[in-house]
Structure formats: structure tokens, C-alpha cells
Amino acid sequence: MAIYSIAAARLRGNRLGERTDLKVQEVRAMARFWQQFGAVDLNERQRKAVTRLLEAGPGGFEGGLTNQKYRGMTSASKITATRDLPGLADQGVLVQRGEGGATRYELDWARAAH
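Cut-offs used in this document
- Residues numbered from 1 in each chain as written.
- Predicted model: local features only at pLDDT ≥ 70, side-chain atom pairs only at ≥ 80, totals over all residues.
- Heavy atoms only, no water.
- Helix = DSSP H or I, 4+ residues; strand = E, 2+ residues; numbered from the N terminus.
- Buried < 20%, exposed > 50% of the residue type's maximum accessible area, 1.4 Å probe, protein only.
- Polar contact = N/O pair within 3.5 Å; in protein donor to acceptor, adjacent residues only side chain to side chain.
- Core = buried A, V, L, I, M, F, W, Y, C linked by side-chain atoms within 4.5 Å.
- Expected span 1.5 Å × (residues − 1).
- Arc of directions from axis to C-beta.
- Axes fitted to C-alpha atoms, helices over the stretch in contact; angles between N-to-C directions.
- Left-handed = near helix turned anticlockwise from the far one by under 90°.
- Contact = heavy atoms within 4.5 Å.
- Nonpolar A, V, L, I, M, F, W, Y, C, P; charged D, E, K, R; others polar.
- Pairing = 2+ DSSP bridges.
- Salt bridge = Lys/Arg side-chain N within 4 Å of Asp/Glu carboxyl O.

## Comments concerning the side chain of Thr74
Piece 1. Within the secondary structure layout, Thr74 lies in helix α3 (residues 67–74).
Piece 2. A residue is classified by how much of its surface remains accessible, and Thr74, at 13% relative accessible area, is buried.
Piece 3. In terms of polar contacts, Thr74 uses its side chain to reach the backbone carbonyl oxygen of Tyr70, at 2.7 Å.

## As for the nonpolar core
Piece 1. With 21 residues, the main nonpolar core has Leu65, Val93, Leu94 and Leu107 as its most contacted residues.
Piece 2. Taken together, the elements giving at least two residues each to this core come down to α1 (2–37), α2 (44–56), α3, α4 (78–90) and β2 (104–107).

## Quick look at α2
Piece 1. Over its 13 residues, α2 extends 18 Å from the first C-alpha to the last, a length consistent with the 18 Å expected when each residue adds 1.5 Å.
Piece 2. Listed as buried for α2 are Gln46, Ala49, Val50, Leu53 and Leu54. The buried residues of α2 occupy one face: seen down the axis, they fall within an arc of 140°. Residues of α2 that are exposed and point more than 90 degrees away from the buried face comprise Glu44 and Glu55.
Piece 3. By the N-cap criterion, in which a side-chain oxygen at the helix start approaches the backbone nitrogen of a residue two or three places on, α2 is capped by Asn43, the distance to Arg45 being 3.0 Å.

## Describing the packing of α2 against α4
Piece 1. Look at α2 against α4: their axes get within 10 Å of each other, and the N-to-C directions meet at 60°. Our pair here, α2 against α4, has a crossing hand that is right-handed. Of α4, the residues touching α2 (which contributes Arg45, Gln46 and Val50) are Thr80, Asp84 and Leu88.
Piece 2. Partitioned by chemical class, the residues of the contact of α2 with α4 number two nonpolar, two polar and two charged.

## Some thoughts on the pairing of strand β1 (residues 94–97)
Piece 1. Where β1 lies against β2, four bridges are found, and the strand directions are antiparallel. Bridging across to β2, Val95 finds its partner in Glu106.
Piece 2. Counted between consecutive antiparallel strands, the loop separating β1 from β2 contains six residues, among which Gly98 sits at a positive phi close to 80°.

## What to know about the pattern of salt bridges
Any two side chains of opposite charge can pair if their charged atoms end up close together.
Piece 1. All chains considered together, the criterion is met by two salt bridges.
Piece 2. Between Asp84 and Arg45 there is a salt bridge whose closest N-O contact spans 2.7 Å. Here Asp84 is found in helix α4, whereas its partner Arg45 is found in helix α2, with 39 residues between them in sequence.
Piece 3. Linking Arg97 and Glu106 is a salt bridge whose minimum nitrogen-to-oxygen distance equals 3.3 Å.

Okay, structure coming up:
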């Protein structure tokens, strides 16, 4: 019974260690991103959206960032979102995928990692 408890504690400890390592990697990725793009002039809405994408991690924002999702998280009007999102892509912060109603935006994780 004692051996099982020790093994279970080690397993829980390993999981905790793995989660901690993952969190440290996330924080480092965010720091690298802001080091690279910190000088880019972002408004409060854009900064909020980018931070949410960073927190979600690669592939964590299902379907990418759409105009509708951007409006939902920032309370921006449709026309404001239509200006803000391409602006982020023009500055290299986001990558645009698709066109028209199928347009999605994602962080360029490969670029942000360097």
C-alpha cells in the first residue's frame, strides 16, 4: 500500500511537473512574441485579441480568429473589426487565411518563436 502511494504521488508530481513545464514554455513564447512585436502600434482591442490568441496557444483558437469572434471579445463594431484585423496582418502580427466571409486570422507561431 505504501509503495502504491509513493508511486501515485510521483505520478501526480510528474503530471504537475509537466504542466509546470508547459506553462513555463507558454510564458516564454509570450515573452518572445512581445519582444518581437512590442514596438508594433496596437490599440487596446488588438492587444486584447492578440493576448487571447497567445494564451490559447498554437491550434488553441478553434477555426482561427474571425471578424465575428474579434467583435465578440472586443465589443468592436463590424467596420472597426474589418479595419483592425487586416491591420494586424499588414503589420505581420497575424497571418490571414482565406478571403471574404471565410477569412480567418492566426498568429504566425513559427515567426513568433524566433
